[in-house]
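Remarks on the overall topology
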Amino acid sequence: MALLKVLKYPDPRLHKVAERVEDFDAALIKFVDDMKDTMYDQKGIGLAATQVDVHKRIIVIDVSEDKNEAITLINPTLMQFSGDQQYDEGCLSVPGFFETINRHENIKIQYQDIEGNLKELTANGLLSVCIQHEMDHLVGKVFVEYLSQLKQQRIKKKIQKLLKN
Ligand code: GNR
Ligand code: NI
């Protein structure tokens, strides 16, 4: 078990664009295990590789009550979406802030599992929100960027103050 360090907004490395995973090897399995350990340790419902400064298209998610249904999404692509929903989102990279964000209600994604097999997943509700939040991280987008510039500035200042103390 190894815990990884989660980057905090406004770290510029959170804005890097992740690359496709090509090698489905032992190192990938180890890294995904470390991502899950880190997600559970930090009480998150998801984690994108970008947040731990690895710029590959890898996501882990567990929205289950008992925290025993982790899913691993590698090279995810959005295939279909419909409807809208609002959800109060938080982020391990933006500690202490929750803001209402608009997302698609229903999504269908294609992704690869840890062995490289191509799969599809349809999601709604919280799982759909979480997948969209994590896929944004992979293209360098943090949820606060949907907010007004004024709110973004306030959040930046408060976090920088927090990190100093
Ligand atoms: O733990 C998390 N909770 C959460 C709540 C509402 C919407 C999205 C999330 S994802 C977040 C973990 C995280 O930062 N993932 O990138
Ligand atoms: Ni996040």
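Residues numbered from 1 in each chain as written. Chains lettered and ligands numbered in written order. Predicted model: local features only at pLDDT ≥ 70, side-chain atom pairs only at ≥ 80, totals over all residues. Heavy atoms only, no water.

**Concerning the overall build of the protein chain**
The condition is simple: Numbering of helices and strands starts at the N terminus; helices are DSSP runs of H or I of at least 4 residues and strands are runs of E of at least 2. Two things to know: the radius of gyration comes from C-alpha atoms, and the globule rule equals 2.2 Å times the number of residues to the power 0.38. Type-normalised accessible area, obtained with a 1.4 Å probe on protein chains alone, sets the label of each residue: buried when under 20%, exposed when over 50%, and partly exposed for intermediate values. In these tables, accessible area is a Shrake-Rupley quantity obtained with a 1.4 Å probe, and a residue counts as shielded only by the protein chains included in the view. His residues and chain termini do not enter the charge count, which takes Lys and Arg as positive and Asp and Glu as negative. All charge positions are set by atom: Lys at NZ, Arg at CZ, Asp at CG, Glu at CD.
Scanning the protein chain from terminus to terminus reveals three helices and five strands. Shown N-terminal to C-terminal, the secondary structure of the protein chain runs as helices and strands in the order α-β-β-β-β-β-α-α. By the compact-globule yardstick of 15 Å for 165 residues, the protein chain fits well, its C-alpha radius of gyration being 15 Å. Considering only C-alpha atoms, the protein chain reaches an extent of 45 × 40 × 30 Å along its principal axes. In the protein chain, which comprises 165 residues, the proportion classed as buried is 42%. Within the structure as shown, the protein chain displays about 9,000 Å² of accessible surface, and the carbon and sulfur contribution to it stands at 50%. Charged side chains in the protein chain number 22 positive and 25 negative. The centres of these two groups are separated by 10 Å.

**What to know about the coordination of the nickel ion (ligand 2)**
For the record, the criterion: Donors, by definition, are the N, O and S atoms found within 2.8 Å of a metal, the threshold being 3.2 Å for Na, K and Ca, and water is not counted, so a site can look incomplete.
Protein-derived coordination of the nickel ion (ligand 2) comes from Cys91 (SG), His133 (NE2) and His137 (NE2), at a distance range of 2.1 to 2.3 Å. Counting gaps between the donor residues of the nickel ion (ligand 2) yields the pattern C-x41-H-x3-H. Of this pair, Cys91 sits in the loop between strand E3 (71-89) and strand E4 (99-112) while His133 sits in helix H2 (residues 125-138), placing them 42 residues apart in sequence.

**Thoughts on the packing of aromatic side chains**
Selection rule: The rule is short: rings of Phe, Tyr and Trp, with Trp giving its six-membered ring, pair when the centres are within 6.5 Å, and they are stacked under 30 degrees, edge-to-face over 60, tilted in between. By definition, being over a ring means that NZ of Lys or CZ of Arg is both within 6 Å of the ring centre and within 35 degrees of the ring normal.
For the structure on display, the rule yields zero aromatic pairs. Lying across the ring of Tyr146, Lys141 places its NZ or CZ 4.1 Å from the centre.

**Notes on the state of the cysteines**
When the sulfur atoms of two cysteines share a covalent bond, that bond is a disulfide. As a reminder of what qualifies: By convention in this document, the label disulfide applies to cysteine sulfur atom pairs within 2.5 Å.
One pass over the structure, following the stated rule, counts zero disulfides. The closest cysteine sulfur to the non-disulfide-bonded Cys130 is located on Cys91, 9.9 Å from its own sulfur. A residue is classified by how much of its surface remains accessible, and Cys130, at 3% relative accessible area, is buried.

**Some thoughts on the site of ligand 1**
Let me state the cut-off plainly: Summary of the distance rule: residues count as near a molecule or strand when at least one heavy atom falls within 4 Å of that molecule or strand. Here a polar contact is recorded for every N or O atom pair within 3.5 Å, except that within protein the pair must consist of a potential hydrogen donor and a potential acceptor, and residues adjacent in sequence are included only if both atoms are side-chain atoms.
If you check the shell around ligand 1, you find 14 residues, and the closest are Ile45, Gln51, Leu92, Glu134 and His137. Within the backbone of Leu92, one N or O atom sits 2.8 Å away from an oxygen atom of ligand 1. Contacts to ligand 1 include His133, whose side-chain N or O atom sits 3.2 Å from an oxygen atom. Mapped by element, the contributors of at least two residues to the shell around ligand 1 are E3 and H2.

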